[in-house]
Amino acid sequence: MPPFDLVAERDKGESAGLPCAQCEQGDLAFCAGLSSEHVRRLVSILGQVQVEPNTTVFREGDPAQHLYSIGTGAVKLYKLLSDGRRQITAFLFAGDFFGLSMHGVYAYTAEAMTPVHLCRFPRRKLEALFDEVPKLEKRLLGATIHELASAHEQMLLLGRKTAREKVATFLVTLWARLVGDGEQPAQITLPMSRSDIADYLGLTIETVSRTLTVFKREALITLPDANHVAIKQHDALARIAEGS
């Protein structure tokens, strides 16, 4: 049994009529750029699932039978240390791909932070399509490279940056991921808790909260409530993130 309930998972095959043509992800979608025939072949193997908040998609050490693409919602990836401590390794959002593995098992646990809609690809069936649809293999390679690059950034974040630099980096990175470039202040929804942020940055909850309060006092951000932050001075935060 999977660790989550599959809510209204579509039957696979052409008869399923999955609304890929209406997908809102555009260029972020895993199938972006494929021909209609190749999309049809991809649709024939995928399932669509809805996952409720705080529900585990898969656990570290589970057999890695599927790969996932996020349609809507947010997911966190984490590992548990032998003493029970948790290290969050990534926050993922719409358009992100996850479920890569080594030695046939998942290397981390994936948990929904919000209601999440996923496209779920059986690993073996997806790999069987590579010869027929070479772009899929390139997409998977790209996802692997992205995950490695993110791991390197995480090592730098945890190993060399001060608490102030870490929190600034988190905010600037979230801005880039959810808002994009722009000079106007933007309010960002925080699907993760302060505890999640702390476990991602390698800090205590108190340090995260205190640093956010300092940024607010310095007029770099505003905090409308616990689940939102508005970036007021992006360039200043970016300089802090870089250690300037």
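Please refer to the structure higher up on the page.
Owing to the predicted nature of the structure, the values given are computational and were not obtained by experimental measurement.

Participant: Just give me the short version of the sheet that holds strand β9 (residues 109-112), but keep the residues and values in it.
Facilitator: Spatially, four strands are ordered β2-β9-β4-β5 in an open sheet, and the strand pairing comes out antiparallel. Lying at the two open borders of the sheet, with one neighbouring strand each, are β2 (56-58) and β5 (86-92). On average, adjacent strands in this sheet sit at an angle of 30° to one another, irrespective of strand direction. Bridge count for β2 against β9 is two bridges, and the pairing is antiparallel. Across the sheet, residue Thr56 finds its bridge partner in β9, namely Glu111.

Participant: Please provide a residue-by-residue account of the nonpolar core, values included.
Facilitator: One recurring pattern in soluble globular proteins is that nonpolar side chains are buried together. Among the nonpolar cores identified, the biggest contains 34 residues, and Phe170, Leu171, Met192, Phe215, Ile221 and Leu237 are the most heavily contacted of them. Of all the elements in the fold, those that place two or more residues in this core are β5, α4 (163-178), β11 (186-189), α5 (194-201), α6 (205-217), β13 (228-231) and α7 (234-241). Considering every element that reaches this core, the biggest residue donor is α4, with seven residues. Each of domain 1 (4-156) and domain 2 (161-241) accounts for three or more of the residues forming this core.

Scoring rules and cut-offs
Residues numbered from 1 in each chain as written. Predicted model: local features only at pLDDT ≥ 70, side-chain atom pairs only at ≥ 80, totals over all residues. Heavy atoms only, no water. Pairing = 2+ DSSP bridges. Helix = DSSP H or I, 4+ residues; strand = E, 2+ residues; numbered from the N terminus. Axes fitted to C-alpha atoms, helices over the stretch in contact; angles between N-to-C directions. Core = buried A, V, L, I, M, F, W, Y, C linked by side-chain atoms within 4.5 Å. Buried < 20%, exposed > 50% of the residue type's maximum accessible area, 1.4 Å probe, protein only. Domains from an automatic or database assignment.

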